[in-house]
Amino acid sequence: MKSDILEVAQLGKSVGLKGYVKLHNRSDFPEQFKKGAKFFDKNNTELVIKHYDKIRSEVLFEDFESIEKAKELTNRILYTTIEQTRKACKLKKDEYFYFDIIGLKVVENNEILGVVDDIEQVAKDSLLLVETDEKLTQNGFAKSFYLPYIDNFVKSIDLQTKEILAINAKALLESS
């Protein structure tokens, strides 16, 4: 898939007789699942939401309004684009999309510690998986380490400079 494509959900089994399927949200923005929202699958088939029950996490798609048609959707992955995500999902102050964080340099005291390679959700908190800078790995440091995405470790994020200013992060790397 292209790099501007995001996986947002997986469809589960059909529910009831009217064509609803279980929706397993894989994003941080459940508000994007609403009537008229458009998504696509790996075959580029467009799927338009006709109704979404957020309490039950069940979705009905246009042209799939029968149990037989709904069964065709089981286990499909829903995708959207970065551009569409930016339009559909409004961020609050100091909130960022995962796709904006991945790839940023982690810097502490003007030293590059590494680059964010992935983000993992652990309970209600996020951990940044940082691939350690090659200069540091050559000096015996671990190839990667986790940086908790909390104020004790992340001082600020600057999307313009593509940097995360960290505090106490080198101590985490040293103990990794």
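All values derive from a computational prediction rather than experimental measurement.

Enquirer: How do you make sense of the overall build of the protein when you look at a structure like this?
Expert: When helices and strands are counted, the protein shows five helices and twelve strands. Since a compact globule built from 176 residues should have a radius of gyration of about 16 Å, the 20 Å found for the protein marks it as more spread out than a globular shape. Dimensions of the protein, computed from C-alpha atoms along their principal axes, come out at roughly 60 × 30 × 30 Å. Within the protein, the fraction of its 176 residues that count as buried is 39%. Within the protein, counting contacts between residues at least 6 apart in sequence, those at least 24 apart form 48% of the total. Here the protein has roughly 11,000 Å² of accessible surface; of this, 48% comes from carbon and sulfur atoms. One finds the centroid of the 27 positive side-chain charges in the protein at a distance of 6 Å from the centroid of its 30 negative side-chain charges.

Enquirer: Can you walk me through the confidence of the model for the protein in this structure?
Expert: Keep in mind that low pLDDT regions are not for reading the predicted coordinates in detail. Averaged over every residue, the pLDDT of the protein is 93; residues scoring 70 or more account for 98%. Model confidence for the protein, summarised as mean pLDDT per element, is weakest for helix α2 (residues 82-88) at 88 and strongest for strand β7 (residues 105-108) at 98.

Enquirer: Would you explain the pattern of salt bridges in this entry?
Expert: A complete count under the given rule lists ten salt bridges for this structure. The shortest N-O distance in the salt bridge between Glu7 and Arg26 comes to 2.1 Å. Taken together, the residues Glu7 in strand β1 (residues 5-15) and Arg26 in the loop between β2 (20-25) and β3 (38-40) connect sequence positions 19 residues apart. Exposure remark for Arg26: the relative accessible area of 42% places this residue in the partly exposed category. Among the ionic pairs, Arg56 bridges to Asp53, the shortest N-O distance being 3.4 Å.

Enquirer: Just checking my understanding: could you explain unusual backbone geometry for this structure?
Expert: With the exception of glycine, the majority of residues adopt a negative phi angle, and the majority of peptide bonds are in the trans configuration. The backbone phi angle of Asn44 is positive, close to 70 degrees, even though this residue is not glycine. The exposure class assigned to Asn44 is exposed, which follows from its relative accessible area of 59%.

The rules behind these values
- Residues numbered from 1 in each chain as written.
- Predicted model: local features only at pLDDT ≥ 70, side-chain atom pairs only at ≥ 80, totals over all residues.
- Heavy atoms only, no water.
- Helix = DSSP H or I, 4+ residues; strand = E, 2+ residues; numbered from the N terminus.
- Rg over C-alpha atoms; globule rule 2.2 N^0.38 Å.
- Buried < 20%, exposed > 50% of the residue type's maximum accessible area, 1.4 Å probe, protein only.
- Contact = heavy atoms within 4.5 Å.
- Areas by Shrake-Rupley, 256 points an atom, 1.4 Å probe, with all protein chains shown as cover.
- Lys, Arg positive; Asp, Glu negative; His and termini not counted.
- Charge placed at Lys NZ, Arg CZ, Asp CG, Glu CD.
- pLDDT = per-residue confidence, 0-100.
- Salt bridge = Lys/Arg side-chain N within 4 Å of Asp/Glu carboxyl O.

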